[in-house]
Amino acid sequence: MKIFAWVHLYPPDHCAGAEMMLHEILLGLKKRGHDVSVGVNSSSAPEWEGIPVYTTGHWDRVAQADIVITHLDQTRAVIKANHRQRPLVHLIHNDRQLKYHGVAGDDAQLVVANSEWIRKAINWKWRTIVVRPPVHPERYKTTRGDAITLINLYGPKGARTFWQLARIMPDRKFVAVVGGYGAQEIMDPLPENVELVQHTPDIREVYRKSRLLLMPSIYESWGRVAVEAMASGIPTIAHPTPGLLESLAESGTFADRDDIAAWVEAVRKFDDPAHYKAVSEKALARSAELDPNQEIDALEATMAEIVAAWPNNRL
């Protein structure tokens, strides 16, 4: 298949969860022999890890494609530009996305939810599948460090909880990673026990510094960074959003994001080597359960069926 993804942002400039999910999907489809490319408004790189990235000629590429993928901020523009020329796949990363962008039934030949709870929450009446964000453990596995890490210092991601912990626990090392979106909440002056890391496409360097990952997010539809950390056996302490409960399963340690005492207690519990080892092993086991190839195979098969039926079956 000739597959064109027309989206608003893409790595290496923007490496948030939604963009990394798309990138991993495209890498997998390319590995399976498909012709894949990406269109964005602007990019610092003409390709990323072998995926061509174009900043012009998007309408022509839609016309030449067998199937088109979009998501998030580019949704309405792609619907308008495509105008039923080609089957359109929407990647869904939150339960409000379809309603927010006014997506109608015939605007999407396939809706791809990133978790089971999202599939149920959107209650889409047409063709829908679940593709959990593919994470290949070998791309993220590394040695562990000794820091407590938060990735994305955006308020809804739990920046306030993170900075409170860093203040309360001055004897611990913390890593604060600037996120790809949202107003970043950074303490000034930076506490001596906190290392600030800029937004980076090489997130493995962050995991190499980390012993624990914090995810005090008010909303996560899945929780990709937790799954990335699992590849190295790094435990995650998280707020119990539906997505994090689903992605972490038994490997997760959960505490309400506003209960700072519970977070301090959870962190200190990992001082016990036996407890750390037991949870780390659960994280590695959960990482092995989440087979990325199974996710991409399912998407490839469904897209091929849609392409084969087009244009006779537009839904």
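For the structure, see preceding data.
Trainee: What's the story with the pairing of strand S2 (residues 35-39) in this structure? I'm lost.
Mentor: In terms of burial, S2 is a largely internal element, four of the five residues being buried. Sheet analysis places strand S1 (residues 2-6) next to S2, joined by five bridges and oriented parallel. Residue Ile-3 lies in a different strand from S2, and its bridge partner there is Val-36. One crossover worth recording links S1 to the parallel S2 by way of helix H1 (residues 17-31), and it is right-handed.

Trainee: Help me out: how do you make sense of helix H11 (residues 273-289) in this one?
Mentor: In an α-helix, one turn spans 3.6 residues; hence positions three or four apart end up facing the same way. Between its first and last C-alpha, H11 extends 24 Å over 17 residues, near the 24 Å set by a 1.5 Å rise per residue. If you check which residues of H11 are buried, you get His-275, Tyr-276, Val-279, Ser-280, Ala-283, Arg-286 and Ser-287. Projected onto a plane normal to the axis of H11, the buried residues spread over an arc of 125 degrees and lie on a single side. Of the exposed residues in H11, the ones pointing more than 90 degrees away from its buried face are Pro-273, Ala-274, Lys-277, Ala-288 and Glu-289. On the buried face of H11, the contacting elements are strand S12 (210-215), helix H8 (224-230), helix H9 (242-248) and helix H10 (260-269). For H11, the N-terminal cap is Asp-272; the gap from its side-chain oxygen to the backbone nitrogen of Ala-274 is 3.0 Å.

Trainee: Help me out: how do you make sense of the environment of Arg-127 in this one?
Mentor: Among the structural elements, Arg-127 can be located in the loop between helix H5 (116-122) and strand S8 (128-130). For the pair formed by Arg-127 and Gln-109, sequence separation is 18 residues and the distance between their alpha carbons is 6.7 Å. Side chain to side chain, Arg-127 and Glu-305 meet in a polar contact 2.4 Å long.

Trainee: Before we go on, may I ask you to explain unusual backbone geometry in this structure?
Mentor: Where the residue is not glycine, phi is negative for most of them; where a peptide bond is considered, it is trans in most cases. Note the cis peptide between Asp-188 and Pro-189, where omega equals 5 degrees. Looking at where Pro-189 falls in the secondary structure, it is placed in the loop between strand S10 (174-177) and strand S11 (194-197). In this model, Trp-310 is joined to Pro-311 through a cis peptide bond whose omega is 5 degrees. Tracing the sequence through the fold places Pro-311 in the segment after helix H12 (292-309). For Glu-49, which is not glycine, the phi torsion reads 50 degrees and is therefore positive. Turning to its location among the elements, Glu-49 is positioned in the loop between strand S3 (47-48) and strand S4 (51-54). With a phi close to 90 degrees, Asn-152 is a non-glycine residue in the positive phi region. Looking at the element boundaries, Asn-152 is found in the loop between strand S9 (147-151) and helix H6 (159-168).

Trainee: Is there a simple way to think about the sheet that holds strand S14 (residues 253-254) in this case?
Mentor: The six strands lie next to each other as S11-S10-S9-S12-S13-S14, forming an open sheet whose pairing is parallel. In this open sheet, the two strands that pair with only one neighbour each are S11 and S14. For S10 and S11, the ladder comprises four bridges, and the chain directions are parallel. What sits directly across from Val-175, in S11, is Glu-195.

Procedures and definitions
Residues numbered from 1 in each chain as written. Predicted model: local features only at pLDDT ≥ 70, side-chain atom pairs only at ≥ 80, totals over all residues. Heavy atoms only, no water. Buried < 20%, exposed > 50% of the residue type's maximum accessible area, 1.4 Å probe, protein only. Helix = DSSP H or I, 4+ residues; strand = E, 2+ residues; numbered from the N terminus. Pairing = 2+ DSSP bridges. Right-handed = clockwise from strand over helix to strand, strands pointing away. Expected span 1.5 Å × (residues − 1). Arc of directions from axis to C-beta. Contact = heavy atoms within 4.5 Å. Polar contact = N/O pair within 3.5 Å; in protein donor to acceptor, adjacent residues only side chain to side chain.

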